[in-house]
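Spelled out, the chains give:
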Amino acid sequence: MSRVLVGVKRVIDYAVKIRVKPDQSGVVTDGVKHSMNPFCEIAVEEAVKLKEKKFIKEVVAVSCGPSQVTETIRTALAMGCDRGIHVEVSGKDYEAMGPLQISKIFAALAKKEEASLVILGKQAIDDDCNQTGQMTAALLDWPQGTFASEVTIDGETVKVVREIDGGLETIKISMPAVLTADLRLNTPRYATLPNIMKAKKKKIANMKPADLGVDMVSRVEVLRVDEPPTRLAGVKVETVDDLVAKLKANGTI
Amino acid sequence: MANPLRREVRQLYKNLLYLGREYPQGADYFRERLNCAFMKNKDVTDPKEIRKLVDCGEVVIKELGTLYYLREYRTMKKRFYEEELLGLLNIGRPID
């Protein structure tokens, strides 16, 4: 039967207030709370759901990065994945790592593990690239169902309802395929302590990008990181007429 | 405390404590309230009563999971789906 590869990314927790480093080279990550990318949680949940419905046999959680990403893989295992793969990337390679390198790694792993599906989050909340799924599909020459808000497997094909501007689009693609999860695909389960304990027995394999024949050289260089412009303070008005006058002056009405 | 349920109660406490780490008002606030709640019932001996209290605890675990999910969902929705929200409010662009 089939095997599914799920990508999980360790990012700064969504609730943390981001601070830009004084030298504008990036964001402060030392000592900051990290957790699994919310869209990756949704991807994991979908893969585990498909396994519970007996459409697929095994779910493999994959993450790339330094040793800390094993915590994220453990969370994925606690949510129901069967085993994990930690692709070790650290130092300068990790800082320069982007969708291109990740998609090459996932393409190589998908072939090596003979996966029928690769499920990823639609984007990471730290870089907002929204590219890894699409690039992975292109490298594998597999069809892609991106921004999925509903996934149904029917034999060797997958019906995907996609969230697009102005509504929903339903497509039918054949397996093997790459899917990227959108916000409304499902409700991810919370990894409670008993699940985490059970997951400790599950295996996490360790490998390097070179083992998969992937070079981590980046073609992108970050020049500068700036804070967004501070929001202007609101203006208080006394009466409804004042409000209407201000809105008219603003050109809003 | 009745012996067979002793392990369950302890596990419940550990599970709740683990979940409380992400409580919006702080892990310490949660831990204080959790300790109070458990201490309040420390003299209960009837196994049926203890069972009922443990089940209450399980419900709280589910509630916390839902609370955390909703908080994340609503933040994601506000952050990434602003155009949807503006569409619902029938506004063309943000009011400054």
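Residues numbered from 1 in each chain as written. Chains lettered and ligands numbered in written order. Predicted model: local features only at pLDDT ≥ 70, side-chain atom pairs only at ≥ 80, totals over all residues. Heavy atoms only, no water.

- The name an unreviewed UniProt entry gives chain B is LYR motif containing 5a, with Oncorhynchus mykiss as the organism.

- As annotated in an unreviewed UniProt entry, chain A carries the name Electron transfer flavoprotein subunit beta and comes from Oncorhynchus mykiss.
- We quote the UniProt Subcellular location (unreviewed entry) comment for chain A here in full: "Mitochondrion matrix". (UniProt positions renumbered as here; feature names shortened; annotations may be inferred.)

## Considerations on the UniProt feature "domain: Electron transfer flavoprotein alpha/beta-subunit N-terminal" (unreviewed entry) in chain A
Move 1: UniProt's entry tags residues 24–216 of chain A with the feature "domain: Electron transfer flavoprotein alpha/beta-subunit N-terminal" (unreviewed entry), counted in the numbering of this structure.
Move 2: Measuring from the first to the last C-alpha atom of residues 24–216 of chain A gives 24 Å, for a span that is 31% helix and 30% strand. (Helix = DSSP H or I, 4+ residues; strand = E, 2+ residues; numbered from the N terminus.)

## Brief notes about the sheet that holds strand β11 (residues 204–207) of chain A
Residue and element names in this part refer to chain A.
Move 1: Taken in spatial order, the nine strands make up an open sheet running β9-β8-β7-β10-β6-β1-β4-β5-β11, and their pairing is mixed. Of all strands in the sheet, those with a lone pairing partner are β9 (167–174) and β11, marking the two edges. Direction aside, neighbouring strands of the sheet carry axes that sit 30 degrees apart on average.
Move 2: One ladder, built from five bridges, connects strand β1 (residues 3–7) with strand β4 (residues 58–65); its direction is parallel. Along β4, the bridge assignment pairs Val4 with Val59. (Pairing = 2+ DSSP bridges. Axes fitted to C-alpha atoms, helices over the stretch in contact; angles between N-to-C directions.)

## Let's talk about the packing of helix α1 (residues 38–52) of chain A against helix α3 (residues 47–80) of chain B
Move 1: Interhelical geometry of α1(A) versus α3(B) gives an angle of 120 degrees and a closest axis separation of 11 Å. On the basis of their axis angle, the class for α1(A) and α3(B) is oblique. Seen from above, α1(A) lies across α3(B) with left-handed handedness. Facing α1(A), whose interface residues are Pro38(A), Phe39(A) and Glu41(A), α3(B) presents Glu72(B), Met76(B) and Phe80(B). (Parallel < 35°, antiparallel > 145°, perpendicular 65-115°, else oblique. Left-handed = near helix turned anticlockwise from the far one by under 90°. Contact = heavy atoms within 4.5 Å.)

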